[in-house]
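Reading the structure
The primary structure of each chain is shown beneath.
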Amino acid sequence: MQMITSRCFLRTTATLDHNLTTPRLTKRKSKRRITDFRAPRTMDFLAQRRKKPKKTNEIPVAKAATAPSPSLQTSKNYGFERSKNTLAKRADRFSGKGGITDAASSSQSSEDFERYMGKSVIGGYKKQLDETDYEKMTVKGTCKRLEKDYLRLTAPPRAAAVRPQPVLEEHVRNLKKMWGQRDKEDSDCSKGTGNVKHDYEWFCSQLKAVRQDLTVQRINNAFAVDVYETHARIGLEMSDLNEYNQCQTQLKELYDLLSNSKIKGSEENGEKTGLENYCEFVAYRIIYYVFLMGNKKYDGGSSDLFKIMLGLTQEQRENPSIAHALKVRVAVAEYDYHSFFRLQDSCPNMGAYLMDYLVPTVRQAALQRVCRAYRPSVEMLFLLPELGFDADLPEELELGKEFLQSCGCKLSEDGSEILTKESVLRESNLNTKSSLI
């Protein structure tokens, strides 16, 4: 019995040793040789397979007896026929009168434009038009009504609905006078004795209607510049950045148009040239482009700003308005919040209205730098003037505390210090969007 058990034990051990030393067969597919499971192929067959010609769109040249006619030598390429005859037929469609060659000629384009403008009415088709002729084709307004609301043109303008320049000048003078007296009208309205229709929307509609009448009559003189400058200033004062931007764009073109020898020669006669406020609005554009540089949705602010700076002369750089705007640009670029708020207090003309759009960004960056530099705390009366708040006024003091708390600043128990080490800063939620840009 013991002999049988020992023999079984030895047999089992030998089987285990054999299984450990012998590789097991798996279901994994191994690379098979060509000669294992297929019919043997010679090297000549493989060489012929490699030399098999590739398919091309070219039609192989066959014998003369079996070659198709040239009209049938076509090949399909994504649904289009590419034969010489077919291409020639397509080219004939765009040749002749009204084709590509005819439409590309400048003479034909000018003839169509002149016919649209009414060339046959003023002198016939054979006459060469000059500036006088184009002046005859321009609409001349005959309307004598001063007030007119702005409406988009959906048809060619009629002379009876367009006001001439003398009427526009009188209306603009009245608008300026009424805008200067708006504070008195507001107080009268609160008492119930004033005229309630003269709000900003009414002024904006009247000025846009004046600009429309100037455009359809091709009036590009000093009066047009005065209208756009007036509307731009009113837009800045009322925080209407969109209307200001429209006026600023048109003013740039008017300034370029009026800065020629003829207009400059009128300075000797004491006439207005329209360039008297050129430096003022260049300064506005510099600050406006500085504001756009901080807008992630607009990436052309820096290039537009550099174009203006490259075009400035030494005399223009010494102008107080432009020199101030260039200092604002440097202060914003270097995060010099101390100089920025000092420049805002001494801003000439109406540039402070544009600098107001830069205040939230500069103020947020200034608070971050102060909290990093001053540890563990900083006094409230020191920080608020650095952020552009007047700590001497109770309203400004409360507004400054509200701003700091909205940014995550932790105040001391008596409210006289900011615990910078314990504060976790975040973006203020008091900033409101004042423009669509």
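All figures in this text were calculated on a predicted structure; none of them were measured in a lab.

A few words now on the overall build of the protein. Helices and strands together make up the secondary structure of the protein, namely 23 helices and 4 strands. Classification of the 437 residues of the protein by burial places 33% in the buried group. When the accessible area of the protein is evaluated, it comes to approximately 30700 Å², of which 53% is carbon and sulfur surface.

Let us now look at the nonpolar core. With 68 residues, the main nonpolar core has Ile 286, Phe 340, Leu 367 and Leu 404 as its most contacted residues. Of the residues forming this core, the biggest block, 12 residues, is contributed by helix H15 (residues 278–293). With sequence-adjacent residues up to four places away left out, Ile 286 is seen in contact with Leu 305, Ile 308, Leu 312, Ile 322, Ala 325 and Leu 326. Listed in part, the 9 residues of the second largest apolar core include Met 178, Trp 179, Tyr 200 and Phe 203.

The end-to-end C-alpha separation of helix H9 (residues 165–180) is 23 Å, in line with the 22 Å expected for 16 residues at 1.5 Å each. Buried within H9 we find Val 167, Leu 168, His 171, Val 172, Leu 175, Met 178 and Trp 179. Buried residues of H9 fall within an arc of 130 degrees about the axis and therefore sit on the same side. Along H9, exposed side chains directed more than 90 degrees from the buried face belong to Pro 166, Arg 173, Lys 177 and Gly 180.

Counted according to the given criterion, the structure contains 10 salt bridges. Here Asp 226 makes a salt bridge to Lys 176, at a shortest N to O gap of 2.8 Å. A residue pair is termed long-range when its members are at least 10 positions apart, and Asp 226 in helix H12 (residues 222–237) and Lys 176 in helix H9 qualify at 50 residues. The shortest N-O distance in the salt bridge between Lys 252 and Asp 256 comes to 3.8 Å. Placement of the pair is Lys 252 and Asp 256 together in helix H13 (residues 241–258), with a separation of 4 residues, close to one helical turn.

The residue Ala 373 is located in helix H21 (residues 359–373) in this model. Once the C-alpha coordinates of Ala 373 and Thr 420 are considered, the two residues, 47 residues apart in sequence, prove to be 9.2 Å apart.

In this model, the protein carries an average pLDDT of 77, and 65% of its residues clear a pLDDT of 70 or more. Throughout residues 61–76 the model reports pLDDT below 50, and contacts reaching past four residues in sequence, or to other chains, amount to 11 contacts. With pLDDT under 50 throughout, residues 433–437 is counted as low confidence; its partners more than four residues away or in other chains account for 11 contacts.

One can describe the packing of H12 onto H15 by two numbers: an axis separation of 12 Å at closest approach and a directional angle of 40 degrees. Accordingly, the angle class assigned to the pair H12 and H15 is oblique. Crossing angle aside, the handedness with which H12 passes H15 is left-handed. From H12, Glu 229, Ala 232, Arg 233 and Leu 236 reach across to H15, where they touch Glu 280, Phe 281 and Tyr 284. Looking at the contact of H12 with H15, its residues break down into 4 nonpolar, no polar and 3 charged.

We now examine the packing of H9 against H12. Viewed as axis vectors pointing N to C, H9 and H12 meet at an angle of 25 degrees, and their least axial separation amounts to 11 Å. The angle between the axes of H9 and H12 places the two elements in the roughly parallel class. Of the two possible hands of crossing, H9 and H12 adopt the one that is left-handed. Facing Gln 165, Leu 168, Glu 169, Val 172, Lys 176 and Trp 179 of H9, the residues of H12 in contact are Phe 223, Asp 226, Val 227, Thr 230, Ile 234 and Glu 237. Of the residues assigned to the contact of H9 with H12, the class counts are 6 nonpolar, 2 polar and 4 charged.

Parameters and conventions
Residues numbered from 1 in each chain as written. Predicted model: local features only at pLDDT ≥ 70, side-chain atom pairs only at ≥ 80, totals over all residues. Heavy atoms only, no water. Helix = DSSP H or I, 4+ residues; strand = E, 2+ residues; numbered from the N terminus. Buried < 20%, exposed > 50% of the residue type's maximum accessible area, 1.4 Å probe, protein only. Areas by Shrake-Rupley, 256 points an atom, 1.4 Å probe, with all protein chains shown as cover. Core = buried A, V, L, I, M, F, W, Y, C linked by side-chain atoms within 4.5 Å. Contact = heavy atoms within 4.5 Å. Expected span 1.5 Å × (residues − 1). Arc of directions from axis to C-beta. Salt bridge = Lys/Arg side-chain N within 4 Å of Asp/Glu carboxyl O. pLDDT = per-residue confidence, 0-100. Axes fitted to C-alpha atoms, helices over the stretch in contact; angles between N-to-C directions. Parallel < 35°, antiparallel > 145°, perpendicular 65-115°, else oblique. Left-handed = near helix turned anticlockwise from the far one by under 90°. Nonpolar A, V, L, I, M, F, W, Y, C, P; charged D, E, K, R; others polar.

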